[in-house]
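Structure assessment
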Amino acid sequence: MVREFYRESKLSKTRPYWNEEIETMPRERLERIQLQKLKEQVQRAYEKSPFYRELYQKAGVRPEDIRSLEDIRKLPFVDKASAQDAYPFGMLVCKLAKIRELHSATTPSRQFLPVYATEKDLSEWAERCARVLWMVGLRPGDSLQNAFRFGLSTGGFGFHYGAMEAGMVSIPASTGGTDRQIDLIVDLGVTAVAMMPSYGFYLAMRAHERGIDLARDGDLKVGLFGAEPTSPQMKDRLGELMGLTAYGEYGMNEFLGPGMACHCTHKKGMHTWADHFLVECVDPDSGEAVPEGIPGELVWTWLSAEGTAMIRFRSHDISSVTWGKCPCERTHPRISRIAGRTDGALSIGGYIVYPSKLQDVIGLFPEVGGFHVILDSVKGLDCMTIRAQLRGGAGMDAERLALGIRSAIRSYVVVTPRVEVVPPGTLGTEDGEPRFRIIDYRRGSGRYGVRTE
Ligand SMILES: [Zn+2]
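These remarks concern the structure in this document.

A few words on the environment of glutamate 209. Inspection of the secondary structure assignment puts glutamate 209 in helix α9 (residues 197-209). Residue class for glutamate 209 comes out exposed when judged on the 10 C-beta atoms lying within 10 Å of it. For the pair glutamate 209 and threonine 342, spaced 133 residues apart in the sequence, the C-alpha separation amounts to 39 Å.

As C-alpha coordinates, this is what we get:
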(Lines give C-alpha, C1' and ligand atoms only; values in the text may rest on other atoms or scores of the structure.)
Protein backbone atom coordinates (compact mmCIF):
# COMPACT_ATOMS: atom_id res chain seq x y z
CA MET A 1 0.00 0.00 0.00
CA VAL A 2 2.78 2.40 0.87
CA ARG A 3 5.11 1.25 -1.85
CA GLU A 4 3.50 3.36 -4.55
CA PHE A 5 4.60 6.56 -2.80
CA TYR A 6 8.21 5.57 -3.12
CA ARG A 7 8.00 5.43 -6.88
CA GLU A 8 7.69 9.22 -6.90
CA SER A 9 11.02 9.61 -5.19
CA LYS A 10 12.84 11.23 -8.11
CA LEU A 11 11.76 14.76 -7.28
CA SER A 12 12.77 18.13 -8.67
CA LYS A 13 15.85 19.64 -7.01
CA THR A 14 13.86 22.66 -5.94
CA ARG A 15 11.18 20.75 -4.03
CA PRO A 16 11.68 20.92 -0.24
CA TYR A 17 10.80 17.27 0.32
CA TRP A 18 12.25 14.05 -0.97
CA ASN A 19 8.85 12.39 -0.70
CA GLU A 20 6.28 15.08 0.01
CA GLU A 21 3.23 12.88 0.27
CA ILE A 22 4.76 10.68 2.95
CA GLU A 23 6.70 13.39 4.77
CA THR A 24 3.72 15.73 5.16
CA MET A 25 1.03 13.08 5.58
CA PRO A 26 -1.49 13.88 8.36
CA ARG A 27 -0.88 12.05 11.62
CA GLU A 28 -4.11 10.04 11.36
CA ARG A 29 -3.08 8.56 8.02
CA LEU A 30 0.44 7.87 9.27
CA GLU A 31 -0.99 6.09 12.27
CA ARG A 32 -3.25 3.98 10.07
CA ILE A 33 -0.15 2.90 8.13
CA GLN A 34 1.66 2.24 11.39
CA LEU A 35 -1.14 0.04 12.72
CA GLN A 36 -1.38 -1.99 9.54
CA LYS A 37 2.38 -2.55 9.47
CA LEU A 38 2.52 -3.31 13.18
CA LYS A 39 -0.09 -6.05 12.83
CA GLU A 40 1.79 -7.57 9.91
CA GLN A 41 5.13 -7.38 11.71
CA VAL A 42 3.86 -8.99 14.91
CA GLN A 43 2.19 -11.73 12.88
CA ARG A 44 5.39 -12.36 10.91
CA ALA A 45 7.55 -12.45 14.06
CA TYR A 46 5.10 -14.85 15.73
CA GLU A 47 5.09 -17.19 12.76
CA LYS A 48 8.75 -17.05 11.72
CA SER A 49 10.72 -16.42 14.90
CA PRO A 50 10.78 -19.02 17.69
CA PHE A 51 12.29 -16.31 19.88
CA TYR A 52 9.28 -13.98 19.54
CA ARG A 53 6.73 -16.80 19.61
CA GLU A 54 8.08 -18.03 22.92
CA LEU A 55 8.29 -14.48 24.28
CA TYR A 56 4.68 -13.71 23.34
CA GLN A 57 3.34 -17.07 24.48
CA LYS A 58 4.94 -16.55 27.89
CA ALA A 59 3.26 -13.14 28.07
CA GLY A 60 -0.08 -14.61 26.97
CA VAL A 61 -0.41 -12.35 23.95
CA ARG A 62 -1.24 -13.30 20.36
CA PRO A 63 -0.95 -11.32 17.11
CA GLU A 64 -4.73 -10.88 16.87
CA ASP A 65 -4.64 -9.01 20.20
CA ILE A 66 -3.10 -6.05 18.35
CA ARG A 67 -6.13 -4.02 17.25
CA SER A 68 -4.93 -0.48 17.97
CA LEU A 69 -1.54 1.23 18.28
CA GLU A 70 -1.99 1.34 22.06
CA ASP A 71 -2.23 -2.45 22.03
CA ILE A 72 1.52 -2.52 21.37
CA ARG A 73 1.82 -2.09 25.14
CA LYS A 74 0.57 -5.66 25.54
CA LEU A 75 3.80 -6.89 23.95
CA PRO A 76 6.83 -7.50 26.15
CA PHE A 77 9.97 -5.44 25.60
CA VAL A 78 13.09 -6.72 23.88
CA ASP A 79 16.52 -5.33 24.61
CA LYS A 80 20.13 -6.10 23.82
CA ALA A 81 20.38 -8.58 26.67
CA SER A 82 17.34 -10.60 25.60
CA ALA A 83 18.19 -10.29 21.91
CA GLN A 84 21.47 -12.07 22.53
CA ASP A 85 19.44 -15.14 23.53
CA ALA A 86 18.12 -15.19 19.98
CA TYR A 87 21.62 -15.45 18.49
CA PRO A 88 22.29 -16.26 15.69
CA PHE A 89 19.03 -16.65 13.74
CA GLY A 90 16.33 -15.85 16.29
CA MET A 91 15.58 -12.37 14.92
CA LEU A 92 15.55 -13.55 11.32
CA VAL A 93 12.01 -13.51 9.93
CA CYS A 94 12.52 -14.46 6.27
CA LYS A 95 14.37 -17.14 4.38
CA LEU A 96 18.14 -16.75 4.67
CA ALA A 97 18.33 -16.87 0.87
CA LYS A 98 16.54 -13.49 0.73
CA ILE A 99 19.22 -11.74 2.78
CA ARG A 100 21.56 -9.52 0.79
CA GLU A 101 23.54 -7.78 3.50
CA LEU A 102 24.36 -8.55 7.09
CA HIS A 103 25.39 -6.03 9.70
CA SER A 104 25.97 -6.28 13.38
CA ALA A 105 25.17 -4.62 16.65
CA THR A 106 26.71 -5.54 19.99
CA THR A 107 25.20 -6.80 23.24
CA PRO A 108 26.56 -6.76 26.79
CA SER A 109 27.99 -10.27 26.39
CA ARG A 110 28.46 -10.58 22.64
CA GLN A 111 30.21 -8.33 20.22
CA PHE A 112 28.04 -9.64 17.44
CA LEU A 113 24.26 -9.39 17.06
CA PRO A 114 23.32 -10.00 13.43
CA VAL A 115 20.99 -7.63 11.63
CA TYR A 116 19.67 -9.15 8.41
CA ALA A 117 18.70 -6.97 5.46
CA THR A 118 16.82 -8.02 2.34
CA GLU A 119 16.85 -6.14 -0.94
CA LYS A 120 13.66 -4.33 0.15
CA ASP A 121 15.26 -3.41 3.50
CA LEU A 122 18.30 -1.98 1.71
CA SER A 123 16.16 -0.02 -0.72
CA GLU A 124 14.09 1.48 2.11
CA TRP A 125 17.24 2.25 4.08
CA ALA A 126 18.51 4.24 1.10
CA GLU A 127 15.12 6.00 0.87
CA ARG A 128 15.14 6.95 4.56
CA CYS A 129 18.68 8.31 4.31
CA ALA A 130 17.86 10.16 1.09
CA ARG A 131 14.99 11.85 2.94
CA VAL A 132 17.43 12.85 5.70
CA LEU A 133 19.96 14.31 3.27
CA TRP A 134 17.22 16.15 1.36
CA MET A 135 15.73 17.42 4.64
CA VAL A 136 18.98 19.20 5.58
CA GLY A 137 19.12 20.89 2.19
CA LEU A 138 21.40 18.63 0.15
CA ARG A 139 20.58 18.07 -3.52
CA PRO A 140 21.97 16.37 -6.63
CA GLY A 141 25.33 17.94 -7.36
CA ASP A 142 26.27 18.01 -3.67
CA SER A 143 28.98 15.70 -2.42
CA LEU A 144 28.92 13.89 0.93
CA GLN A 145 32.18 12.89 2.53
CA ASN A 146 31.17 10.10 4.84
CA ALA A 147 33.59 9.53 7.72
CA PHE A 148 31.48 7.03 9.60
CA ARG A 149 33.06 3.61 9.76
CA PHE A 150 32.35 1.20 6.92
CA GLY A 151 32.19 -2.35 8.21
CA LEU A 152 29.89 -4.59 10.18
CA SER A 153 28.41 -1.61 11.99
CA THR A 154 25.83 0.24 9.94
CA GLY A 155 27.29 3.73 10.35
CA GLY A 156 28.91 4.25 6.96
CA PHE A 157 26.60 2.42 4.63
CA GLY A 158 23.32 4.22 5.36
CA PHE A 159 24.40 7.64 4.14
CA HIS A 160 26.39 6.04 1.32
CA TYR A 161 23.25 4.41 -0.05
CA GLY A 162 21.19 7.51 0.75
CA ALA A 163 23.55 9.90 -1.05
CA MET A 164 23.50 7.73 -4.16
CA GLU A 165 19.71 7.45 -3.99
CA ALA A 166 19.46 11.25 -3.72
CA GLY A 167 21.67 11.75 -6.79
CA MET A 168 24.60 13.10 -4.82
CA VAL A 169 28.27 12.12 -4.97
CA SER A 170 29.12 9.74 -2.13
CA ILE A 171 32.72 9.79 -0.88
CA PRO A 172 33.10 6.77 1.44
CA ALA A 173 36.13 8.15 3.29
CA SER A 174 35.42 6.03 6.38
CA THR A 175 37.39 6.73 9.56
CA GLY A 176 41.01 7.83 9.91
CA GLY A 177 43.43 9.22 7.34
CA THR A 178 42.73 12.72 8.62
CA ASP A 179 45.14 14.60 6.36
CA ARG A 180 43.68 12.86 3.33
CA GLN A 181 40.17 13.72 4.54
CA ILE A 182 41.14 17.39 4.81
CA ASP A 183 42.69 17.35 1.32
CA LEU A 184 39.56 15.78 -0.13
CA ILE A 185 37.30 18.37 1.47
CA VAL A 186 39.38 21.31 0.20
CA ASP A 187 40.59 20.03 -3.19
CA LEU A 188 37.26 18.54 -4.30
CA GLY A 189 35.08 21.29 -2.87
CA VAL A 190 33.09 18.78 -0.85
CA THR A 191 29.79 20.30 0.32
CA ALA A 192 28.75 17.98 3.16
CA VAL A 193 30.30 15.72 5.77
CA ALA A 194 28.89 12.99 8.01
CA MET A 195 30.95 11.98 11.04
CA MET A 196 31.12 11.77 14.80
CA PRO A 197 31.32 15.24 16.37
CA SER A 198 34.54 14.43 18.21
CA TYR A 199 36.14 13.56 14.89
CA GLY A 200 34.85 16.82 13.45
CA PHE A 201 36.70 18.73 16.18
CA TYR A 202 39.85 16.71 15.57
CA LEU A 203 39.66 17.23 11.82
CA ALA A 204 39.21 20.99 12.17
CA MET A 205 42.09 21.18 14.63
CA ARG A 206 44.40 19.17 12.38
CA ALA A 207 43.47 21.41 9.45
CA HIS A 208 44.34 24.45 11.59
CA GLU A 209 47.77 22.92 12.38
CA ARG A 210 48.37 22.70 8.64
CA GLY A 211 47.37 26.33 8.09
CA ILE A 212 44.01 25.37 6.61
CA ASP A 213 40.83 27.08 7.77
CA LEU A 214 37.99 24.83 6.64
CA ALA A 215 35.49 27.67 7.01
CA ARG A 216 37.61 29.84 4.67
CA ASP A 217 39.24 27.30 2.37
CA GLY A 218 36.45 24.73 1.98
CA ASP A 219 32.97 24.72 0.44
CA LEU A 220 31.23 22.80 3.19
CA LYS A 221 27.65 23.80 3.96
CA VAL A 222 26.16 20.85 5.88
CA GLY A 223 27.48 18.51 8.57
CA LEU A 224 25.61 15.49 9.91
CA PHE A 225 26.86 14.54 13.34
CA GLY A 226 25.83 11.52 15.36
CA ALA A 227 26.80 8.36 17.27
CA GLU A 228 27.80 10.18 20.43
CA PRO A 229 26.22 12.77 22.74
CA THR A 230 26.62 16.36 21.57
CA SER A 231 25.25 19.57 23.03
CA PRO A 232 23.79 22.30 20.78
CA GLN A 233 26.74 24.50 21.77
CA MET A 234 29.20 21.88 20.50
CA LYS A 235 27.31 21.68 17.22
CA ASP A 236 27.43 25.48 16.88
CA ARG A 237 31.18 25.42 17.50
CA LEU A 238 31.64 22.69 14.90
CA GLY A 239 29.67 24.84 12.48
CA GLU A 240 32.01 27.79 13.07
CA LEU A 241 35.17 25.71 12.77
CA MET A 242 34.12 23.91 9.60
CA GLY A 243 32.04 26.62 7.95
CA LEU A 244 28.82 24.62 7.88
CA THR A 245 25.46 24.15 9.56
CA ALA A 246 25.67 21.20 11.95
CA TYR A 247 22.70 18.86 12.27
CA GLY A 248 22.16 15.97 14.68
CA GLU A 249 21.25 12.55 13.38
CA TYR A 250 20.28 9.38 15.23
CA GLY A 251 20.42 5.69 14.43
CA MET A 252 21.02 2.29 15.96
CA ASN A 253 22.78 -0.66 14.40
CA GLU A 254 19.83 -2.92 15.28
CA PHE A 255 17.64 -0.86 12.94
CA LEU A 256 20.15 -0.29 10.13
CA GLY A 257 21.60 2.76 11.79
CA PRO A 258 21.54 6.18 10.08
CA GLY A 259 18.20 7.32 8.75
CA MET A 260 16.16 6.70 11.91
CA ALA A 261 15.94 10.36 12.93
CA CYS A 262 17.52 13.67 11.99
CA HIS A 263 17.11 17.40 12.43
CA CYS A 264 15.33 19.35 9.73
CA THR A 265 16.66 22.84 8.96
CA HIS A 266 14.64 24.25 11.89
CA LYS A 267 16.49 22.02 14.36
CA LYS A 268 13.54 21.70 16.76
CA GLY A 269 14.09 18.02 17.50
CA MET A 270 14.92 15.16 15.14
CA HIS A 271 12.16 13.87 12.85
CA THR A 272 11.81 10.10 12.88
CA TRP A 273 10.10 8.40 9.95
CA ALA A 274 6.77 7.14 11.26
CA ASP A 275 6.03 5.02 8.19
CA HIS A 276 9.05 2.87 9.11
CA PHE A 277 9.41 3.23 12.87
CA LEU A 278 7.07 3.44 15.79
CA VAL A 279 8.76 5.19 18.68
CA GLU A 280 7.38 5.05 22.21
CA CYS A 281 8.68 6.93 25.22
CA VAL A 282 8.37 5.05 28.51
CA ASP A 283 9.25 5.43 32.16
CA PRO A 284 12.51 3.46 32.40
CA ASP A 285 11.52 1.92 35.73
CA SER A 286 7.85 1.06 35.26
CA GLY A 287 7.86 0.64 31.47
CA GLU A 288 4.64 2.69 31.33
CA ALA A 289 4.14 5.28 28.58
CA VAL A 290 5.01 8.87 29.53
CA PRO A 291 3.05 11.82 28.07
CA GLU A 292 4.19 13.54 24.89
CA GLY A 293 7.15 15.85 25.42
CA ILE A 294 8.11 14.32 28.79
CA PRO A 295 11.54 12.66 28.99
CA GLY A 296 11.71 8.89 29.22
CA GLU A 297 13.37 5.97 27.50
CA LEU A 298 12.86 5.53 23.75
CA VAL A 299 11.44 2.16 22.69
CA TRP A 300 11.56 1.43 18.97
CA THR A 301 9.63 -0.87 16.68
CA TRP A 302 10.82 -1.37 13.12
CA LEU A 303 7.56 -1.53 11.21
CA SER A 304 8.82 -2.17 7.71
CA ALA A 305 11.66 -4.63 8.23
CA GLU A 306 11.56 -7.76 6.14
CA GLY A 307 14.71 -9.53 7.34
CA THR A 308 14.97 -8.77 11.07
CA ALA A 309 12.19 -8.40 13.64
CA MET A 310 12.79 -5.57 16.10
CA ILE A 311 9.61 -5.06 18.10
CA ARG A 312 9.51 -2.90 21.25
CA PHE A 313 13.29 -2.72 21.50
CA ARG A 314 14.48 -0.73 24.49
CA SER A 315 17.15 1.71 23.34
CA HIS A 316 18.12 2.84 26.86
CA ASP A 317 18.39 6.31 25.31
CA ILE A 318 16.75 9.09 27.31
CA SER A 319 14.80 11.53 25.16
CA SER A 320 11.21 12.66 24.56
CA VAL A 321 8.77 12.39 21.66
CA THR A 322 6.43 15.00 20.25
CA TRP A 323 4.04 14.99 17.31
CA GLY A 324 3.64 18.77 17.50
CA LYS A 325 3.63 20.82 14.30
CA CYS A 326 7.06 21.65 12.90
CA PRO A 327 7.71 24.82 10.83
CA CYS A 328 9.07 22.59 8.05
CA GLU A 329 5.54 21.14 7.64
CA ARG A 330 6.77 17.58 8.09
CA THR A 331 4.28 15.71 10.23
CA HIS A 332 6.51 12.90 11.48
CA PRO A 333 7.20 12.90 15.24
CA ARG A 334 10.37 14.40 16.63
CA ILE A 335 12.68 13.11 19.33
CA SER A 336 14.67 15.50 21.49
CA ARG A 337 18.43 15.39 21.97
CA ILE A 338 19.60 12.17 23.64
CA ALA A 339 20.14 13.27 27.23
CA GLY A 340 21.79 10.09 28.53
CA ARG A 341 21.37 6.36 28.90
CA THR A 342 19.47 4.26 31.40
CA ASP A 343 21.74 1.23 31.42
CA GLY A 344 24.99 2.91 32.46
CA ALA A 345 26.54 2.07 29.11
CA LEU A 346 29.32 4.38 28.02
CA SER A 347 29.62 5.93 24.60
CA ILE A 348 33.32 5.79 23.69
CA GLY A 349 34.34 6.90 20.23
CA GLY A 350 30.85 6.10 18.97
CA TYR A 351 30.81 2.59 20.42
CA ILE A 352 28.50 1.49 23.20
CA VAL A 353 30.65 -0.02 25.95
CA TYR A 354 29.15 -1.81 28.95
CA PRO A 355 31.03 -1.47 32.23
CA SER A 356 30.01 -5.05 33.06
CA LYS A 357 31.74 -6.25 29.91
CA LEU A 358 34.95 -4.50 30.95
CA GLN A 359 34.70 -6.20 34.33
CA ASP A 360 34.23 -9.58 32.64
CA VAL A 361 37.29 -9.09 30.43
CA ILE A 362 39.55 -7.85 33.22
CA GLY A 363 38.28 -10.79 35.27
CA LEU A 364 40.14 -13.04 32.83
CA PHE A 365 43.37 -11.78 34.43
CA PRO A 366 43.67 -13.17 37.97
CA GLU A 367 46.78 -11.05 38.53
CA VAL A 368 44.61 -7.91 38.55
CA GLY A 369 43.08 -7.01 41.91
CA GLY A 370 40.94 -4.13 40.66
CA PHE A 371 40.91 -1.37 38.10
CA HIS A 372 39.77 2.10 37.18
CA VAL A 373 38.51 3.24 33.79
CA ILE A 374 39.57 6.78 32.90
CA LEU A 375 37.82 8.45 29.98
CA ASP A 376 39.19 11.62 28.49
CA SER A 377 39.05 13.64 25.34
CA VAL A 378 42.43 14.00 23.63
CA LYS A 379 42.50 16.29 20.61
CA GLY A 380 38.75 15.85 20.35
CA LEU A 381 38.91 12.06 20.32
CA ASP A 382 37.65 9.83 23.11
CA CYS A 383 40.45 8.05 24.92
CA MET A 384 40.04 5.19 27.41
CA THR A 385 42.72 4.29 29.91
CA ILE A 386 42.54 1.17 32.06
CA ARG A 387 44.54 1.48 35.25
CA ALA A 388 44.88 -2.06 36.55
CA GLN A 389 46.24 -2.77 40.00
CA LEU A 390 48.29 -5.90 40.63
CA ARG A 391 47.22 -8.17 43.44
CA GLY A 392 49.55 -8.09 46.42
CA GLY A 393 52.65 -10.21 45.96
CA ALA A 394 52.01 -11.05 42.34
CA GLY A 395 55.43 -11.17 40.68
CA MET A 396 54.40 -10.33 37.16
CA ASP A 397 55.80 -8.87 33.98
CA ALA A 398 53.73 -5.66 34.03
CA GLU A 399 54.42 -4.81 30.40
CA ARG A 400 53.28 -8.20 29.20
CA LEU A 401 50.18 -8.06 31.37
CA ALA A 402 49.30 -4.61 29.98
CA LEU A 403 49.62 -5.91 26.43
CA GLY A 404 47.41 -8.88 27.27
CA ILE A 405 44.70 -6.68 28.80
CA ARG A 406 44.87 -4.26 25.87
CA SER A 407 44.51 -7.06 23.37
CA ALA A 408 41.63 -8.70 25.25
CA ILE A 409 39.67 -5.46 25.54
CA ARG A 410 40.25 -4.67 21.88
CA SER A 411 38.95 -8.14 20.96
CA TYR A 412 35.93 -8.26 23.24
CA VAL A 413 34.92 -4.60 23.54
CA VAL A 414 36.22 -3.27 20.19
CA VAL A 415 37.61 -0.05 21.70
CA THR A 416 41.41 -0.07 22.13
CA PRO A 417 42.48 1.32 25.52
CA ARG A 418 45.74 2.50 26.98
CA VAL A 419 46.63 0.16 29.85
CA GLU A 420 48.68 1.05 32.88
CA VAL A 421 49.57 -1.68 35.35
CA VAL A 422 50.21 -0.26 38.81
CA PRO A 423 51.59 -1.81 42.04
CA PRO A 424 49.30 -2.98 44.89
CA GLY A 425 47.85 -0.14 46.95
CA THR A 426 48.27 2.49 44.22
CA LEU A 427 44.55 2.94 43.63
CA GLY A 428 43.85 3.99 47.15
CA THR A 429 43.07 0.86 49.12
CA GLU A 430 45.37 -1.01 51.42
CA ASP A 431 43.96 -4.47 50.85
CA GLY A 432 44.86 -4.35 47.18
CA GLU A 433 41.23 -4.72 46.09
CA PRO A 434 40.17 -1.29 44.86
CA ARG A 435 36.59 -0.88 43.76
CA PHE A 436 35.83 -0.62 40.09
CA ARG A 437 35.47 3.06 39.19
CA ILE A 438 34.74 5.02 36.07
CA ILE A 439 36.27 8.48 35.92
CA ASP A 440 34.92 10.49 33.01
CA TYR A 441 36.67 13.77 32.20
CA ARG A 442 35.00 14.31 28.84
CA ARG A 443 32.98 17.45 28.32
CA GLY A 444 29.35 17.71 27.34
CA SER A 445 26.09 15.94 28.09
CA GLY A 446 26.54 15.81 31.82
CA ARG A 447 28.76 12.80 31.66
CA TYR A 448 31.61 14.45 33.52
CA GLY A 449 32.07 12.80 36.86
CA VAL A 450 33.12 9.77 38.79
CA ARG A 451 30.94 6.71 39.11
CA THR A 452 31.57 3.74 41.33
CA GLU A 453 29.96 0.52 40.22
ZN1 LIG B 1 10.83 19.90 10.82
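Read from one edge to the other, the open sheet built from 9 strands follows the order β4-β3-β5-β6-β7-β8-β9-β14-β13, with strand pairing classed as mixed. Of all the strands in the sheet, just β4 (169-171) and β13 (321-322) have a single pairing partner and so form its edges. In the sheet, strand β3 (residues 143-146) pairs with strand β5 (residues 192-195) via 3 bridges, with the strands oriented parallel. Its bridge partner being in β5, asparagine 146 is matched across the sheet by alanine 194.

Next up on the list: unusual backbone geometry. Along the chain, tyrosine 87 connects to proline 88 via a cis peptide bond; the corresponding omega equals 0°. Within the secondary structure layout, proline 88 lies in the loop between α5 (80-83) and β1 (99-105). Residue serine 174 is not a glycine yet carries a positive backbone phi of 60°. With phi around 80°, glutamate 329 is a residue other than glycine that occupies positive phi space. Mapped onto the fold, glutamate 329 is located in the loop between β13 and β14 (334-335). Residue glutamate 329 is classed as exposed on the basis of its C-beta count, with 12 C-beta atoms lying within 10 Å.

Time to look at the pairing of β5. In β5, alternate side chains face the same way, and those of Ala192 and Ala194 on one face and Val193 and Met195 on the other are all buried. With 4 bridges connecting them, β5 and strand β6 (residues 222-225) associate as parallel partners. Across the sheet, valine 193 pairs through a bridge with glycine 223, a residue of β6.

Moving on, we come to the sheet that holds strand β10 (residues 277-282). Across the sheet, which stays open at both edges, the 4 strands sit in the order β10-β11-β12-β15 with antiparallel pairing between neighbours. Since the sheet does not close on itself, it has two edges, and those belong to β10 and β15 (340-341), each with one partner. Where β10 meets strand β11 (residues 296-302), 6 bridges bridge the pair, whose relative direction is antiparallel. Counterpart to glutamate 280 in the pairing with β11 is valine 299.

Summarising burial for helix α7 (residues 155-165): 10 of the 11 residues are buried, a large majority. Three or more residues of α7 are buried, namely Gly155, Gly156, Phe157, Gly158, Phe159, His160, Tyr161, Gly162, Ala163 and Glu165. Looking at the buried residues of α7, the elements they touch are α6 (119-135), β3, β4, β5, β7 (245-252) and β8 (257-263). Residue glycine 167 follows α7 closely and has a positive phi angle near 80°.

On to the packing of helix α12 (residues 355-362) against helix α13 (residues 398-413), then. Helix packing geometry: the angle between the two helix axes and the distance between the axes. Packing of α12 against α13 leaves a shortest axis separation of 10 Å and a crossing angle of 135°. Taken together, the axis directions place α12 and α13 in an arrangement best described as oblique. In the crossing of α12 with α13, the sense of the turn from one axis to the other is right-handed. Taken together, the residues of α13 that come into contact with α12 (itself represented by Lys357, Leu358, Val361 and Ile362) are Ile405, Ala408, Ile409, Tyr412 and Val413. Its residues assigned to classes, the contact of α12 with α13 shows 8 nonpolar, no polar and 1 charged.

What counts, and where the lines are drawn
Residues numbered from 1 in each chain as written. Predicted model: local features only at pLDDT ≥ 70, side-chain atom pairs only at ≥ 80, totals over all residues. Helix = DSSP H or I, 4+ residues; strand = E, 2+ residues; numbered from the N terminus. Buried ≥ 20, exposed ≤ 12 C-beta atoms within 10 Å, placed from the backbone. Pairing = 2+ DSSP bridges. Contact = placed C-beta atoms within 7 Å. Axes fitted to C-alpha atoms, helices over the stretch in contact; angles between N-to-C directions. Parallel < 35°, antiparallel > 145°, perpendicular 65-115°, else oblique. Left-handed = near helix turned anticlockwise from the far one by under 90°. Nonpolar A, V, L, I, M, F, W, Y, C, P; charged D, E, K, R; others polar.

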